[in-house]
Amino acid sequence: MTSPENLAPGEALTRLMRGNARFAADRASRPRATGERRAELEAGQNPYAVILTCGDSRVSPTLLFDQGLGDLFVLRVAGNVEGDSVIASIEYAVVYLGVRLVMVLGHSGCGAVAATVEGQSGGHIEALAGRIRPAVERATHLAGPLIDNAIRENAKGVAERLRHDPPILCEVCASGQVEIVPAYYALKNGAVTLLEEESP
Ligand SMILES: [Zn+2]
């Protein structure tokens, strides 16, 4: 289902960051959300990016990137961590929808990361905390606020693990067909910043 309209990773990233700049400046255009767009999309979708982000109600990708229906393939789970269902969903978007950019978007004030730092648990929460904990460990060696550093380390760590995930993501990343980038959303000013400007 790939089509020539599928944006290259760099073009997709530019489009996301321009949309976020509009949103952060309160100049959002709220595009592609009319009946005309719904009709256009009835036959199929051709999103240009996957956004893996937190379930936090304050972090809504389509709004904060100022995009419309059919633009973003959004996966949301507390702490924006991977897991079999998340990885399978990314593989689906890459293989069957032709998406070439995956963004792992952490955010300031993330309760899932804070809960991991504070050692909260119970029920199925360990399934998330176990994936966040390596980032907390790395953050303890960094200068600055622990939770905020852990949030950034977590987004970078998830992106890095996805890049090496066999059999599909490791291959499409190594060939350059797909890029997986970690980023950080600041609740205070609405701005998204990339966490690895130097990433391939
Ligand atoms: Zn969160």
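Scroll up to find the structure this text is about.
Residues numbered from 1 in each chain as written. Predicted model: local features only at pLDDT ≥ 70, side-chain atom pairs only at ≥ 80, totals over all residues. Heavy atoms only, no water.

**Structural notes on the overall build of the chain**
Of regular secondary structure, the chain possesses eight helices and five strands. Starting at the N terminus and walking to the C terminus, you meet the elements of the chain as α-α-β-α-β-α-β-α-α-α-α-β-β. Against the 2.2 N^0.38 benchmark of 16 Å for 200 residues, the chain shows a C-alpha radius of gyration of 17 Å, consistent with a compact globule. Expressed as a percentage of its 200 residues, the buried residues of the chain come to 46%. In the form shown here, the chain has an accessible surface area of approximately 9,800 Å², with 53% of it arising from carbon and sulfur atoms. (Helix = DSSP H or I, 4+ residues; strand = E, 2+ residues; numbered from the N terminus. Rg over C-alpha atoms; globule rule 2.2 N^0.38 Å. Buried < 20%, exposed > 50% of the residue type's maximum accessible area, 1.4 Å probe, protein only. Areas by Shrake-Rupley, 256 points an atom, 1.4 Å probe, with all protein chains shown as cover.)

**Concerning the coordination of the zinc ion**
Cys54 (SG), His107 (NE2) and Cys110 (SG) make up the full set of protein donors to the zinc ion, lying at 2.1 to 2.3 Å. When the donors of the zinc ion are listed by position in the chain, the intervening gaps give C-x52-H-x2-C. You can see Cys54 sitting in the loop between strand 1 (49-53) and helix 3 (61-64) and its partner Cys110 sitting in the loop between strand 3 (101-107) and helix 5 (111-117), a full 56 residues away along the chain. Among the residues examined, Cys54 registers a relative accessible area of 5% and is labelled buried. (Donors = N, O, S within 2.8 Å, 3.2 Å for Na, K, Ca; no water.)

**Details of the sheet that holds strand 4 (residues 179-185)**
Strand order across the open sheet formed by five strands is 2-1-3-4-5, with mixed pairing between neighbours. Of all the strands in the sheet, just strand 2 (72-76) and strand 5 (192-194) have a single pairing partner and so form its edges. Taking the axes of each pair of neighbouring strands and ignoring which way they run, one obtains an average angle of 30 degrees across the sheet. Direction of pairing for strand 1 relative to strand 2: parallel, over a ladder of five bridges. Directly across from Leu52, in strand 2, lies its bridge partner Leu75. Helix-sheet contacts for helix 1 (residues 9-24) involve strand 1, strand 2, strand 3, strand 4 and strand 5, and the interaxial angle to strand 3 is about 35 degrees. (Pairing = 2+ DSSP bridges. Axes fitted to C-alpha atoms, helices over the stretch in contact; angles between N-to-C directions. Contact = heavy atoms within 4.5 Å.)

**Considerations on the packing of aromatic side chains**
Scanning the model with the defined rule gives two aromatic pairs in all. Ring centres of Phe73 and Tyr92 lie 6.3 Å apart, and the angle between their planes is 40 degrees; on these two criteria the pair is classed as tilted. Here the residue Phe73 occupies a position in strand 2, and Tyr92 occupies one in helix 4 (residues 84-96), the gap between them amounting to 19 residues. Note on Tyr92: relative accessible area 39%, which makes it partly exposed. Three or more aromatic residues link up through ring pairs in this structure, and these residues are Phe73, Tyr92 and Tyr96. (Phe/Tyr/Trp six-rings, centres within 6.5 Å; stacked < 30°, edge-to-face > 60°.)

**Remarks on unusual backbone geometry**
For the bond from Pro166 to Pro167, the omega torsion is 0 degrees, close enough to zero to count as cis. Backbone geometry at Arg30 places phi at a positive 45 degrees, although glycine is not the residue there. Residue class for Arg30 comes out exposed when judged on its relative accessible area of 59%. Notably, Asn80 is not glycine yet its phi reads approximately 40 degrees, a positive angle. Mapped onto the elements, Asn80 comes out in the loop between strand 2 and helix 4. Looking at Asn80, the relative accessible area reads 1%, which means it is buried.

**Examining the nonpolar core**
The tendency in soluble globular proteins is for nonpolar side chains to be buried side by side. Membership of the largest hydrophobic core comes to 35 residues, with the highest contact counts inside it found for Val50, Ile90, Val104, Leu162 and Ile180. Top contributing element to this core by residue count: helix 7 (residues 146-163), with six residues. Here Ile90 is in contact with Val50, Leu75, Val102, Leu162 and Leu169, once residues within four sequence places are set aside. In this structure, Leu13, Leu16, Tyr48 and Leu72 belong to the second largest nonpolar core, which totals 19 residues. (Core = buried A, V, L, I, M, F, W, Y, C linked by side-chain atoms within 4.5 Å.)

**Topic: the pattern of salt bridges**
Between side chains of opposite charge, a pair can form when the charged atoms approach closely. Going through the model one piece at a time under the given rule, you end up with 14 salt bridges. The closest approach of N and O atoms between Asp71 and Arg32, which form a salt bridge, is 2.9 Å. Placement of the pair is Asp71 in the loop between helix 3 and strand 2 and Arg32 in the loop between helix 1 and helix 2 (35-41), with a sequence separation of 39 residues. For Arg32, a relative accessible area of 31% puts it in the partly exposed group. Three or more residues joined by partner-sharing salt bridges are found here, namely Arg15, Arg32, Arg37, Glu40 and Asp71. (Salt bridge = Lys/Arg side-chain N within 4 Å of Asp/Glu carboxyl O.)

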